[in-house]
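Letter by letter, the chains look like this.
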Amino acid sequence: MATIPANVNWVEDVCWMNLVSVAQKQNQIYYVGGYSYLRSTSAPSRGGIPLANSHLYALDFSSSVDLEKNYSSLFTSVTRLPDLVPRISRGNFVWRESSLNLLGGAQTTFPIFLSNGSFSLLDRVPIGDALFTHNISNANTWTRNSPFDYGGTQNTPIGKAAKAFDELSDDGKGVLWFYGGGYWEDPVKVGMESKGPKLDMTTITSGNSTAPRGYLQGTMVWVDNGAKGWLVLLGGSFRGTVVSMRYVHVYDIATSTWYTQPTTADSDLFPADRIEACAVAATAPDRSSYNIYVHGGFSNGTTVVEGGLWILTLPTFHWIRSYIGLENKKAEHTCAKIHEKFMVVHRGVAVMGDSNCDEYAGLMIVDLVTLEWVTRIDVSGGDVVYSVPELVSRIVGGNGAGGATFNSPTNGFVDSPLYSVFNVTSTSPLNLNASTTTIPTSSTSSPSPVPKVVGGVLGGLVLIIIILSCILLFLRRRRKQLEQGVPPPELPAVPGGMREMAAREAPAMELPGGLWTVELPSDYGHREDGECMGKVENKVSLVAGAGDNHASTQTGTGGA
């Protein structure tokens, strides 16, 4: 048994975390479970002691935020869990009424931090069919409610499920939806391999549609459509095979029906198939489009950690890639939407094998409108409003306020009931040929792409101007030499007594007025003729290349 120093700061001294569970009440976020890696005492910038996370973290984003100045102030409380609460990973965590509720998940296999300041390998508190509830107003009191009815075929701890919180449940208190996942035989003793996870292979039918298979480690979001909303299920794995991101599963809560819809992407460039990603959803002000933002996850099994940000826009079911933050790669992390237009990314693992500590206690923020990573959120002016990103409106039509002109997929909905689900009365399928799909590399609006033919015309004009300027410079230099009495260079002697050619003064030439629109660099007048032509060739290559680059940006990176 070892002892952890009593003065550990469980925000600053935690190097990184992963597989935590998140619950949210408006702009307040709560984290529990997963794994913590304390900073190494010998190398503070790297991870050292691995532990099962024994704390409940509460963060408040209600006010303005500045991560660079004082990110630690966001943590309103960090409290140790009582011993009766199991230390779990991939669990299900939800805010309901005035309490936090934890159920399911897998027993962590790392040492537990005990109340006496030590950590040890011990038999774990059984999860079983219990629901663990924490009343926020009652200090650190937790209760175990057992048995808890999962509503499935067995009352065993579900983990690795796709989860989404529904804010418009019938009782107005909110409900956690989770789908798929696996169950573990309980209890689990540390150091012993569990017999799971076992897939829940039960096929659930709702209405006239069959639900998707019970995926592990998928991503699911609840989308507010003004009625009861939809659940959108993305990615995951089934029996060891990662599920394609080209197909999306939609659950209509009002009719209890599942649908599967293929998606489209510019230049057929889809997001990599992945597990352990995170996502949030945002709705256009006029509900003409619904945008799902997907970040991170593992692809190629668990060997590649993804970065960047993908947007799946509904009801056109089209994938759009944003080039922001390709370096911010994360998996086994959490995402939460705050102030309608920001996504908080928390913790997770970065590049495999990299144990460097997180910056800002693992907090990163994405502006869902400008599509950039930010460290500040200013809410001093009142409510923050979400608007459709320009990158999206350029494809689906309309503007930041909505007004999307396309309201269905390019090839229509596979299931005709989806037209009524998405309230499509007059069909306008997505027409990619009519949309401008150039993706900017920053939040600044990019100029309209220049057609390839314009680049060629400009290149030709520049070529003519440079050639004429070289001729003019040559003639001016020759005339100056003649005026100064400098003879022209003699030709080398040739056997046979060839006569010298008589020097003849060439008439001065002047370019027509009004055509001189490009000024040459000052050093051109001091170059030899051959060097001048070399410059001509270089200039032409650059101009022609510019035309090709414009064309490439227009057609080749639309879906990247």
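Keep in mind that what you see is a predicted model, and the values were worked out from it rather than measured.

Q: Summarise the overall build of the chain; cite the residues concerned and give the values.
A: Looking only at helices and strands, the chain has five helices and 42 strands in total. In the chain, buried positions account for 48% of the 560 residues. Put simply, of all contacts in the chain between residues at least 6 apart along the chain, 60% involve residues at least 24 apart. Surface exposure of the chain reaches about 27300 Å², of which carbon and sulfur atoms provide 52%.

Q: Outline the environment of Asn 101, listing residues and values.
A: If you trace the backbone, Asn 101 turns up in strand S12 (residues 99-103). A relative accessible area of 9% places Asn 101 in the buried class. Measuring from C-alpha to C-alpha, the distance between Asn 101 and Asn 135 comes to 8.9 Å, with 34 residues separating the pair along the chain. Those residues in contact with Asn 101 that lie beyond four places of it in its chain are Asn 92, Phe 93, Val 94, Arg 96, Leu 131, Phe 132 and Thr 133.

Q: Pulling in residues and values, what's your account of the packing of aromatic side chains?
A: For the structure shown, the criterion picks out 16 aromatic pairs. Consider the rings of Tyr 37 and Phe 110, whose centres lie 5.9 Å apart with planes at 85°: the pair is edge-to-face. With Tyr 37 in strand S5 (residues 35-39) and Phe 110 in the loop between strand S13 (106-107) and strand S14 (112-113), the pair connects residues that are 73 residues apart, well separated along the chain. Summarising the aromatic geometry, the rings of Tyr 251 and Trp 258 are spaced 5.0 Å apart at their centres and angled 50° between planes, so their arrangement reads as tilted. Residue Tyr 251 is classed as buried on the basis of its relative accessible area of 8%.

Q: Please set out the state of the cysteines residue by residue, giving values where relevant.
A: Counted under the stated rule, the structure contains two disulfides. Across a sulfur-sulfur distance of 1.7 Å, Cys 278 and Cys 335 are joined as a disulfide pair. Linking Cys 278 in strand S32 (residues 278-283) with Cys 335 in strand S38 (residues 334-338), this pair joins segments that are 57 residues apart in sequence. Since its relative accessible area comes to 6%, Cys 278 is described here as buried.

Q: Please give an account of the sheet that holds strand S16 (residues 131-135) that cites residues and values.
A: One open sheet holds the four strands; their spatial order is S11-S12-S16-S17, and the pairing between them is antiparallel. Looking along the sheet, the strands with just one partner apiece sit at the ends: strand S11 (92-96) and strand S17 (142-145). Strand-to-strand twist across the sheet, computed as the mean angle between neighbouring axes with direction ignored, equals 25°. Pairing analysis gives four bridges linking S16 to S17, with the strands arranged antiparallel. Residue Thr 133 lies in a different strand from S17, and its bridge partner there is Thr 143.

Q: For the pairing of strand S30 (residues 257-262), give the residues involved together with the corresponding values.
A: By the bridge criterion, six bridges tie strand S29 (residues 247-252) to S30 in an arrangement that is antiparallel. Note that in S30 the partner of Tyr 247 across the bridge is Pro 262. In this antiparallel pair of consecutive strands, S29 and S30, the connection spans four residues, and Ser 256 shows a positive phi of 55°.

Q: With reference to specific residues and values, describe a nonpolar patch on the surface.
A: Among the surface-exposed residues, Ile 464, Ile 467, Leu 468 and Ile 471 lie close enough to one another that they form a single nonpolar patch of about 320 Å² accessible area. Of note, Ile 471 is situated in helix H4 (residues 452-483). Ile 471 sits in the partly exposed class, given a relative accessible area of 43%.

Q: Go over the pattern of salt bridges, please, and point to the residues and values.
A: Within this structure, the stated rule accounts for eleven salt bridges. Taking the shortest distance from any N to any O, the salt bridge between Asp 268 and Arg 246 comes out at 3.5 Å. With a gap of 22 residues between them, Asp 268 in the loop between strand S31 (264-265) and S32 and Arg 246 in the loop between strand S28 (241-242) and S29 connect regions that are remote in the sequence. On the basis of relative accessibility, which here comes to 36%, the residue Arg 246 falls in the partly exposed class. A salt bridge links Lys 337 to Glu 340; the nearest nitrogen and oxygen atoms lie 3.9 Å apart. Via salt bridges that share partners, Arg 90, Glu 276 and Glu 332 belong to a single interconnected network.

Q: Can you explain the environment of Gly 226? Please cite residues and give values.
A: Along the polypeptide, Gly 226 turns up in the loop between strand S25 (219-223) and strand S26 (230-234). For the pair Gly 226 and Thr 283, spaced 57 residues apart in sequence, the C-alpha to C-alpha distance is 9.8 Å.

Q: Can you tell me about the sheet that holds strand S4 (residues 28-32), naming the residues and giving the values?
A: Taken in spatial order, the four strands of this open sheet run S3-S4-S7-S9, and their pairing is antiparallel. If you trace the sheet from one side to the other, it starts and ends with strand S3 (21-25) and strand S9 (75-80), each paired once. Across the sheet, the mean angle separating the axes of adjacent strands is 15° when strand polarity is ignored. Note that S4 and strand S7 (residues 55-60) share four bridges and pair antiparallel. Counterpart to Tyr 31 in the pairing with S7 is Tyr 57.

Q: Hey, could you go over unusual backbone geometry for me, with residue numbers and the actual values?
A: Between Leu 314 and Pro 315 the backbone carries a cis peptide bond, its omega angle lying at 10°. When you line up the elements, Pro 315 lands in the loop between strand S36 (309-314) and strand S37 (318-322). Even without a glycine there, the phi angle at Gln 26 is positive, about 55°. For Gln 26, the position within the fold is in the loop between S3 and S4. Residue Gln 26 is classed as exposed on the basis of its relative accessible area of 68%. The residue Ala 361 is not glycine, and still its phi comes out positive at about 55°. Along the polypeptide, Ala 361 turns up in the loop between strand S39 (342-346) and strand S40 (363-367).

Scoring rules and cut-offs
- Residues numbered from 1 in each chain as written.
- Predicted model: local features only at pLDDT ≥ 70, side-chain atom pairs only at ≥ 80, totals over all residues.
- Heavy atoms only, no water.
- Helix = DSSP H or I, 4+ residues; strand = E, 2+ residues; numbered from the N terminus.
- Buried < 20%, exposed > 50% of the residue type's maximum accessible area, 1.4 Å probe, protein only.
- Contact = heavy atoms within 4.5 Å.
- Areas by Shrake-Rupley, 256 points an atom, 1.4 Å probe, with all protein chains shown as cover.
- Phe/Tyr/Trp six-rings, centres within 6.5 Å; stacked < 30°, edge-to-face > 60°.
- Disulfide = S-S within 2.5 Å.
- Pairing = 2+ DSSP bridges.
- Axes fitted to C-alpha atoms, helices over the stretch in contact; angles between N-to-C directions.
- Patch = residues over 30% accessible without salt bridge, like charges linked within 9 Å, V, L, I, M, F, W, Y side chains within 5 Å.
- Salt bridge = Lys/Arg side-chain N within 4 Å of Asp/Glu carboxyl O.

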